[in-house]
Amino acid sequence: MSPTRLVLVRHGQTDWNLTARFQGQADVGLNDTGVQQAQRAAPHVAAFGPTAVLSSPLQRASLTAQYIADACGIDVVQTDPRLEEINVGTWAGESLTDIRQQHPWMDEALRQGRDFRRSDTGETGAELAERVGASLRDIADAFAGQTVAVVSHGMALRYGMLAVLGWDSSIAVGLAGLFNASWSVIEHRELWKLVTYNNVAPEADNPTLPSLSSP
């Protein structure tokens, strides 16, 4: 039997990415660069031969997913709210600089792999990993032996991958942040394995990695 392959795609750039603002589950759309990134990535993701495209319902992900689905000849993008980005609560819309100033302990906690709640009304990394990991496992079960494109968000995908691979979420600090419109591949046969990580279309502009603490 063929392995079950998940091609995990981060959405294209938004203006809030560009200005280093926490997005969380705020429904921020792609900017013009993000649209171009999604369009460039689409044929590369389509080359894996996905039989389905699933996405976070947030528009920056769902529009990225639609470009991929069009490139694959797939009519419908299925959505799963469990694929949404980490809920940052009251931090949504705040700049990374301002949050760092308000919570000077945060960068040290991230470097040490310590988990914490993103604002009093947000989620922890562990809660995010459980939510996204459950979605990825369900997708793999539903499409066993097939290749599926899954479009989500930077932190959601990193923590979801860790959960599926059985790695502790503290390892996230050792994984580079995902580029906008990048894709990573995990496969399952008897065990899950990480095949490739953080690829971008070769014709893409030179991207910069997101900050360690950027969602």
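We now turn to the structure provided with this report. Once a new chain begins, its residue numbering starts again from 1 and follows that chain's sequence as written. In keeping with the model being predicted, local features are shown solely for residues with a pLDDT of at least 70 and side-chain atom pairs are shown and tallied solely at 80 or more, while totals for entire chains, interfaces and linings include all residues. To get the side-chain values, all heavy atoms of the structure are used, and hydrogens and water are removed first.

### Considering the packing of helix α2 (residues 32-46) against helix α3 (residues 59-72)
Helix-helix packing is described using two parameters, namely the angle between the two axes and the distance between the axes. Angles run from 0 to 180 degrees between N-to-C directions of axes, and those axes are lines fitted to C-alpha atoms, restricted for helices to the stretch in contact. What counts as a helix is a DSSP run of H or I of at least four residues, what counts as a strand is a run of E of at least two, and both are numbered from the N terminus. One can describe the packing of α2 onto α3 by two numbers: an axis separation of 8 Å at closest approach and a directional angle of 40°. In this view, α2 runs oblique relative to α3, as classed from their interaxial angle. Considering the relative orientation of α2 and α3, their crossing is right-handed. The residues of α3 that touch α2, namely those facing V35, A38, Q39, A42, P43, V45 and A46, are L63, T64, Y67, I68, A71 and C72. By the convention adopted, Pro, Cys, Tyr, Trp, Phe, Met, Ile, Leu, Val and Ala count as nonpolar, Lys, Arg, Asp and Glu as charged, and the other residues, Gly among them, as polar. Residues belonging to the contact of α2 with α3 are distributed by class as follows: 11 nonpolar, two polar and no charged. Put simply, angles under 35 degrees are roughly parallel, angles over 145 are roughly antiparallel, angles from 65 to 115 are roughly perpendicular, and the rest are oblique. By definition, any crossing whose near helix is turned counterclockwise from its far helix by less than a right angle is left-handed, and any crossing with a clockwise turn is right-handed. Two residues form a contact once any of their heavy atoms are found within 4.5 Å.

### Section: the pattern of salt bridges
Put simply, a salt bridge is a Lys or Arg side-chain nitrogen that is within 4 Å of an Asp or Glu carboxyl oxygen. On inspection of all chains with the given rule, the structure shows eight salt bridges. Note that R100 and D107 form a salt bridge whose closest N and O atoms lie 2.9 Å from each other. Among the ionic pairs, R111 bridges to E108, the shortest N-O distance being 3.3 Å. Here E108 and R111 lie together in helix α5 (residues 106-111), a separation of three residues that amounts to about one turn. Put simply, D80, R82 and D138 are held in one network by salt bridges that share partners.

### A closer look at unusual backbone geometry
Unlike most non-glycine residues, A20 shows phi in positive territory, near 55°. Following the sequence through the fold, A20 ends up in the loop between α1 (15-18) and α2. Working definition: with a 1.4 Å probe on protein chains only, accessible area under 20% of the residue-type maximum means buried, over 50% means exposed, and in between means partly exposed. Judged by relative accessible area, A20 falls into the partly exposed class, the value being 36%. In this structure, S119 is a non-glycine residue whose phi angle is positive, near 75°.

### Side note on the sheet that holds strand β4 (residues 147-152)
Pairing between the strands of a sheet is mediated by backbone hydrogen bonds and can be parallel or antiparallel. Spatial ordering of the open sheet is given by β3-β2-β4-β1-β5-β6, a layout of six strands whose pairing is mixed. Edge strands, defined here as strands with exactly one partner in the open sheet, are β3 (77-79) and β6 (192-199). Put simply, the sheet's adjacent strands are angled 20° from each other on average, direction ignored. Bridge count between strand β1 (residues 4-10) and strand β5 (residues 183-188): six bridges; the pairing is antiparallel. Residue pairing across strands places T4 opposite H188, the latter belonging to β5. Strands β1, β2 (52-55), β4 and β6 of the sheet are contacted by helix α6 (residues 125-142), whose axis makes an angle of about 140° with β1. Here helix α7 (residues 154-165) sits on the sheet and contacts β1, β4, β5 and β6; the angle it forms with β6, its principal contact strand, is near 160°. Strand pairing is assigned whenever DSSP detects at least two bridges linking the two strands.

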